[in-house]
Amino acid sequence: MLGKRLRLSAPFAILAAVVVGVAVTLAPAWGGQLTAPLAAYAVLWVSMVLPAPALILRNDISYGAYIYAFPTQQMAVIAGVDRIGLVGYIAVCTIVTAVLATLSWKLIEEPTMKRARDAMRR
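All residue numbers refer to position in the chain's written sequence, counted from 1. With pLDDT at 70 or above as the cut-off, local features in this predicted model cover only qualifying residues; side-chain atom pairs require 80 or more to be listed or tallied, and sums for whole chains, interfaces and linings still use all residues. For the side-chain quantities, the full set of heavy atoms in the structure was used; hydrogens and water were omitted.

A.B. asks: Just to check I follow, could you spell out the packing of aromatic side chains for this structure?
C.D. replies: Geometrically, a pair of aromatic rings is defined through the distance of the ring centres and the angle of the planes. Pairing of aromatic rings covers Phe, Tyr and Trp, the last counted by its six-membered ring, and requires centre-to-centre distances within 6.5 Å; plane angles under 30 degrees mean stacked, over 60 mean edge-to-face, and any other angle means tilted. If you walk through the whole model with that rule in mind, you get two aromatic pairs. Between the aromatic rings of Phe12 and Tyr41, the centroid separation amounts to 4.8 Å while the plane-to-plane angle is 85 degrees, which identifies the pairing as edge-to-face. Residue Phe12 is located in helix H2 (residues 10-26), and its partner Tyr41 is located in helix H4 (residues 36-49); the two are separated by 29 residues in the primary sequence. Relative accessibility decides the category of a residue: with a 1.4 Å probe and only protein chains considered, values under 20% of the type maximum give buried, values over 50% give exposed, and everything between is partly exposed. Judged by its relative accessible area of 38%, Phe12 falls in the partly exposed class. Ring geometry for Tyr63 and Tyr66: centres 6.1 Å apart, planes at 35 degrees, overall tilted. Residue Tyr63 and its partner Tyr66 are both found in helix H6 (residues 62-78); the two are separated by three residues, about one turn of the helix. Using a relative accessible area of 48% as the deciding quantity, one classes Tyr63 as partly exposed. Here Tyr66 falls in the exposed class, since its relative accessible area comes to 64%. Per the convention used, a helix needs a DSSP run of H or I reaching at least four residues, while a strand needs a run of E reaching at least two, with both numbered from the N terminus.

This is the structure:
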């Protein structure tokens, strides 16, 4: 497991998040790229500390998010959503991606996995 190889600590994760925030604020053109490993560390720490909500445990939309995030972001730029600012752009893309990923889970992935499990039981 990753937890055995990488020591995740709250103080370092908080420091990493602060450094990322400062870098992105002071150098928006390249601060995010420079501090990407620190951002990844902070996200990993949060993912190890916070329990997953029951809704997430029952509905795995991760693959749909992976599949639909990039096309959604590209279509949002084409539609001009990026003109409302970074926070608005991220919010719109996150919401649209979550809706598409949920539809993909409910209409395609979950029924397919159920059929596959039923076929394996026979």
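A.B. asks: Looking at this structure, I do not really get the pattern of salt bridges. What am I missing?
C.D. replies: The salt bridge criterion pairs a side-chain nitrogen of Lys or Arg with a carboxyl oxygen of Asp or Glu, the two atoms within 4 Å. Using the criterion set out here, one finds three salt bridges in the structure. One salt bridge in this structure joins Lys106 and Glu110, with 3.5 Å as the shortest N-O distance. Note that Lys106 and Glu110 are positioned in helix H7 (residues 86-121) at a spacing of four residues, about one turn of the helix. Residue Asp118 is joined to Lys114 by a salt bridge in which the shortest nitrogen-to-oxygen separation is 3.2 Å. Separated by four residues within a single helix, Asp118 and Lys114 lie in helix H7, roughly one turn from each other. Its relative accessible area of 24% is what places Asp118 among the partly exposed residues.

A.B. asks: Please explain the side chain of Thr97 as it appears in this structure.
C.D. replies: Tracing the backbone shows Thr97 in helix H7. Given the relative accessible area of 8%, Thr97 is considered buried. For Thr97, the residues in contact, after removing those within four places along its chain, are Ala65, Tyr68, Ala69 and Thr72. When checking whether two residues touch, look at their non-hydrogen atoms; a contact exists if any pair is within 4.5 Å.

By themselves these figures say nothing about function.
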